[in-house]
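# Fold and geometry: a report
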Amino acid sequence: MRKIIAFTLTAFTLTFSCGEDKEKAKESQTPKVSYQTTLPSTENSKVIRVFPATVSFTPEGVVSINPPISGQVESIFVKVGDNVKKGDKLVKIKALDVSDIKSNYLSVKAQLEEAKRIYQLNKSLYEIGAISKNDLIASETNVKQLEYTLKGLEEKEKLLNVKNFTDFYVNSPIDGVVYEIDTTVGARVQPDSSQPLIKIANKNQFIVVANVYEKDIKFFSKGDKVDIIFDDKSKISGEVYYISDVLDPDTKTVKVYIKPSKTDNLKANMFVSIKVQKELNNYLSIPKNAIVFKDNHFYVYLLKDGQVVKKEVQLIGDAENEKFAIVDGLNKDDRVILNAINVEGIQ
């Protein structure tokens, strides 16, 4: 019996020893992962951000041209984007009530001739005492009123470039570019300030408008210098001259208006980008390769007490040194793991 017990203890001891040796061998064969880390820096505090924008005009830079008369649009001589000179023909309108316009002119002209005849007659009657001086003055006043009326009709004809009282040409009042055309051939029009025919924009009044989210308004201040970047990567300088104090309730954005240094290459409604550089305090920068973008969020990996910890951060923008990014959500003593994409694969 003692021999059996002794054998059993010996076998158990040998089995336990072998298992322990295997575990130690397994641990020795498992490679230890080492991570290269860095501490967030406060040196790269100048943030670079790029915002989409469009080219528009200042309110005073757009002239709305209304129909001078009631009629029908017969011809449109321009299209949106055309450059025009002051006096260029834009639209031809054919008056629908030509007979009324002409008869009005002829009627006033006939009344004037009759008024002049009556005045001369009254003048003769006054000289022989047949009428009073007040009657003479009244006939003279009537002549002057009709003369003013006829002169006004003639000036209107000249201003509207009327030809035979049927064709009215609407001309451009300024040098500029056709911004909008709000009519079509065949359309009925009438004098109404709320329904302009055409809008002409002064190219010297170009403005660039960026719709900026409320959280990003901190990147803009009145008088800031910015870059206006075109699709071909060329750029011109600009200056922030007005920041709206109204928040669009639908887009949650605020309009930022930027005055370009020159307007040669700008076109109405074209898309551009606005590049800004801003000094921001209390933010930390880390190398870009320490950041992972996943599921619409930005993450970094921290090494804490030998353990890898994933942490979400807010990306503020690129640092002046383009290899770094400025973020919010880290402490100065956090050890940030570099080459985060490799860590993402291990986790």
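Residues numbered from 1 in each chain as written. Predicted model: local features only at pLDDT ≥ 70, side-chain atom pairs only at ≥ 80, totals over all residues. Heavy atoms only, no water.

## Quick look at the overall build of the protein chain
A tally of regular secondary structure across the protein chain gives four helices and 21 strands. In the protein chain, buried positions account for 33% of the 347 residues. The long-range share in the protein chain, meaning contacts at least 24 apart out of those at least 6 apart in sequence, stands at 72%. For the protein chain, the computed accessible surface area is about 22300 Å², with 50% contributed by carbon and sulfur atoms. (Helix = DSSP H or I, 4+ residues; strand = E, 2+ residues; numbered from the N terminus. Buried < 20%, exposed > 50% of the residue type's maximum accessible area, 1.4 Å probe, protein only. Contact = heavy atoms within 4.5 Å. Areas by Shrake-Rupley, 256 points an atom, 1.4 Å probe, with all protein chains shown as cover.)

## Examining the packing of aromatic side chains
Across all of its chains, the model carries seven aromatic pairs by this definition. Ring geometry for F51 against F220: centres 5.2 Å apart, planes inclined by 55°, an arrangement best described as tilted. Of this pair, F51 sits in strand β2 (residues 46–57) while F220 sits in the loop between β11 (206–213) and β12 (225–229), and the two are 169 residues apart along the sequence. Classification of F220 as buried rests on a relative accessible area of 4%. Taking the centre distance of 4.5 Å and the plane angle of 25° together, the rings of F57 and F206 count as stacked. One end of the pair, F57, is in strand β2; the other, F206, is in strand β11, with 149 residues separating them in the sequence. On the basis of relative accessibility, which here comes to 8%, the residue F57 falls in the buried class. On the accessibility criterion, F206 (4% relative accessible area) is buried. Each residue in the set F51, F219 and F220 is aromatic and connected to the rest through ring pairs, giving one cluster. When the ring centre of Y169 is taken as reference, the NZ or CZ atom of K89 above it lies at 5.2 Å. (Phe/Tyr/Trp six-rings, centres within 6.5 Å; stacked < 30°, edge-to-face > 60°. Lys NZ or Arg CZ within 6 Å of the ring centre and 35° of its normal.)

## Things to note about the pairing of strand β20 (residues 324–328)
Pairing analysis gives four bridges linking strand β16 (residues 284–287) to β20, with the strands arranged antiparallel. Across the sheet, S285 pairs through a bridge with I326, a residue of β20. The turn linking strand β19 (residues 307–319) back onto β20 is made up of four residues. (Pairing = 2+ DSSP bridges.)

## A short note on the sheet that holds strand β4 (residues 71–76)
The four strands are arranged β7-β6-β4-β9 in an open sheet whose pairing can be described as antiparallel. The sheet is open, and its two edges are formed by β7 (167–171) and β9 (188–189), each paired on a single side.

## Some points on the nonpolar core
Core analysis: the biggest nonpolar cluster contains 29 residues, and V208, F219, F220, I258 and I274 have the highest contact counts within it. Elements supplying a minimum of two residues to this core: β2, β8 (176–181), β11, β12, β13 (235–243), β14 (253–260), β15 (271–279) and β19. It is β2 that provides the largest number of residues to this core, a total of five residues. Residues contacting I274, with those up to four places away along its chain left out, are R49, V50, F51, A53, V208, A210, F220, V226, D227, I228 and I258. (Core = buried A, V, L, I, M, F, W, Y, C linked by side-chain atoms within 4.5 Å.)

## Thoughts on the sheet that holds strand β5 (residues 83–84)
As a general point, the strands of a sheet are linked pairwise by backbone hydrogen bonds and lie either parallel or antiparallel. Spatially, four strands are ordered β3-β10-β8-β5 in an open sheet, and the strand pairing comes out antiparallel. Sheet topology places β3 (62–65) and β5 at the edges, where each strand pairs with a single neighbour. The pairing of β3 with strand β10 (residues 198–201) spans four bridges and is classified as antiparallel. Residue S64 lies in a different strand from β10, and its bridge partner there is K199.

## Comments concerning the side chain of N122
Within the secondary structure layout, N122 lies in helix α2 (residues 98–127). Using a relative accessible area of 13% as the deciding quantity, one classes N122 as buried. Discounting residues that sit within four places of it in the chain, N122 has contacts with I131, D135, L136 and S139.

Function cannot be inferred from these measures alone, as they are strictly geometric.
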